[in-house]
Amino acid sequence: MLEVNNIDVHYGVIQALKGVSLKVNEGEIVVLIGANGAGKTTTLRTISGLKAPTQGTVFLNGVDITNTSAQERVKMGISHVPEGRRVFPGLTVLENLELGAFLRKDRDGIAQDLEMVYEHFPILRERRKQLAGTLSGGEQQMLAIGRALMSRPKILFLDEPSMGLAPILVQEIFDIKNNINKAVTTVLLVEQNANMALQIADRAYVMETGSIVLSGTGSELMRSEEIKKAYLGG
Amino acid sequence: MEGFLQQVVNGITLGSIYALMALGYTMVYGIIRLINFAHADVYMIGAYVGYFCMTFLNLGFLPSLVIAMFVCTVLGILIEKIAYRPLRNATRISVLITAIGVSLFLQYGMMFFVSANVRTYPEMTGIMTKSINMGNIVISMQQIILVSITIILMILLQFIVKKTKIGKAMRAVSMDKDAAELMGINVDSTISFTFGLGSALAGAAGVLVGVYYNTINPLMGTVPGLKAFIAAVFGGIGIIPGAMIGGYFIGAVEVLVAGYGNSMYRDAVVFAILILILIVKPSGLLGKNTREKV
């Protein structure tokens, strides 16, 4: 479904990504792990259109989207939950969720999906009239994910959903991830928490200083000695 | 007491003008964190378009008002596209300086074309010459119309911002531009729309001032623009109801100082308010210090 071919990304003169290539097939959960600063978030931002690559191409379902606007990419089925949640703090939970469906015109479908999100995350229904800025970190993460699901995406990007959350909430988020699979089956997940991520991955890529250094299935990487030492605590 | 009430009437009238202009400053600051110095000159151009319509095209007050609003909308959108958008990723000070440049360009450009001399709006006829007397208080129809039009425009604006899709987009972009983009919102169009909206209100203010105060000149925007900006800061920059409250507050203060104090100090007091609010509560009356959760 998604093909990233040899992209280079620069921030001014600093090169953040060198020749990054990856693939996500329909129905897969693909994970991108790496330490802080490895370039994982930059990769996601380039695929979702927030940053343009200096070289290389991005294909979605066979269509070249390298120069397509972020807005267009949302229309084409990409939904990106950014690093740090980035909910709209001055809007209510409900308004945030409605914004996820901004491009949609099918009122019944939107209402249906709203129900679905409330079922996955009951706390959001409870707090639907509350300002998003007043929610706890975990609740904001659920809101950000729910909001991304409201566009009925074909592929979902999750950027470090566990960051800053208490371990018990991290469990919940990753558990719920299996429920999210009912709404959208193709997921590209970026995580520093390699342990949790590799457990649910079909395939995974490992990034270091802007390049992909290793790839394989989730179980392969979990068993790899290198990975164990570098990311899984020996 | 009656003298005071008369001043209140005058204050509400002046406050309406400041409120209309303050809204433009606050919306643009809210969405791209820019103090649009050229906004005051869009107001000036609105006044001139109104003058042109009424004097040379012999159009009535309302048609002239609408045309001026339309012209200013287009002008505001053009300014954003030509002068500010290319600097979207530049430092904030660069855009600020550019805004000053646009302001000077409009002022002196206008002077080149219409000369620096004052122009006078044509005499009003009919209902616009009437007034209502309540005891010793005189409320002119012009004042009533001016305030009514202002209130109608402000209600329209609130409706657009709170109840329409583009309004939601405006609010989203002002809170988090990247996240808004990820919702599929066209950030460029949303910003253009915001500029257009604010400029339309400035254009309306320009025509209303032309009718009410009669004379216009190419530099007429400078001082009212500054005061309207102060009104926006006072109410809470970036907050729409704040601009409305701020406008009326500054208008009232100015009129009361001129009426009861020394009219030499009317401007100074407004600037003193700016200094005070920045010291005491820089986020403005309705401003909150929003803490972001990580």
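You'll find the structure just up there.
This structure is a prediction, so every number in the text was calculated from the model and none was measured. (Residues numbered from 1 in each chain as written. Chains lettered and ligands numbered in written order. Predicted model: local features only at pLDDT ≥ 70, side-chain atom pairs only at ≥ 80, totals over all residues.)

Draft legend 1. Structural view of the interface of chain B and chain A. Each partner contributes residues to the interface: chain B has 17 residues there, and chain A has 24 residues. Of all elements in the fold, only α6 (165-175) and α7 (177-182) of chain B reach the threshold of two or more residues within the side of chain B that touches chain A. Looking at side-chain class alone, the side of chain B that touches chain A contains seven nonpolar, three polar and seven charged residues. (Contact = placed C-beta atoms within 7 Å. Helix = DSSP H or I, 4+ residues; strand = E, 2+ residues; numbered from the N terminus. Nonpolar A, V, L, I, M, F, W, Y, C, P; charged D, E, K, R; others polar.)

Draft legend 2. Structural context of the environment of Val257(B). Residue and element names in this part refer to chain B. Of note, Val 257 is situated in helix α10 (residues 240-260). Judged by local crowding, Val 257 falls into the partly exposed class, with 19 C-beta atoms found within 10 Å. As for Val 257 and Ile 100, which are separated by 157 residues in sequence, their C-alpha atoms are 30 Å apart. Apart from residues lying up to four places away in sequence, Val 257 is in contact with Tyr 265, Arg 266 and Val 269. (Buried ≥ 20, exposed ≤ 12 C-beta atoms within 10 Å, placed from the backbone.)

Draft legend 3. Local environment of the sheet that holds strand β8 (residues 186-191) of chain A. Residue and element names in this part refer to chain A. Within the open sheet, the six strands sit side by side as β6-β7-β8-β3-β9-β10. Their pairing is mixed. Both edges of this open sheet fall to β6 (78-81) and β10 (211-217), since each of them pairs with a single strand only. Strand-to-strand twist of the sheet, defined as the mean angle between neighbouring strand axes without regard to direction, takes the value 15 degrees. Where strand β7 (residues 155-159) lies against β8, five bridges are found, and the strand directions are parallel. (Pairing = 2+ DSSP bridges. Axes fitted to C-alpha atoms, helices over the stretch in contact; angles between N-to-C directions.)

Draft legend 4. View of the packing of helix α9 (residues 222-235) of chain B against α10(B). Residue and element names in this part refer to chain B. For the pair α9 and α10, interaxial distance at closest approach is 7 Å and the crossing angle is 125 degrees. Classified by the angle their axes make, α9 and α10 are oblique. Read as a crossing pair, α9 and α10 show a hand that is right-handed. For the pair α9 and α10, the contacting residues are Lys 227, Ala 228, Ile 230, Ala 231, Ala 232, Phe 234 and Gly 235 in the first and Gly 242, Ala 243, Ile 245, Gly 246, Gly 247, Phe 249 and Ile 250 in the second. Residues belonging to the contact of α9 with α10 are distributed by class as follows: nine nonpolar, four polar and one charged. (Parallel < 35°, antiparallel > 145°, perpendicular 65-115°, else oblique. Left-handed = near helix turned anticlockwise from the far one by under 90°.)

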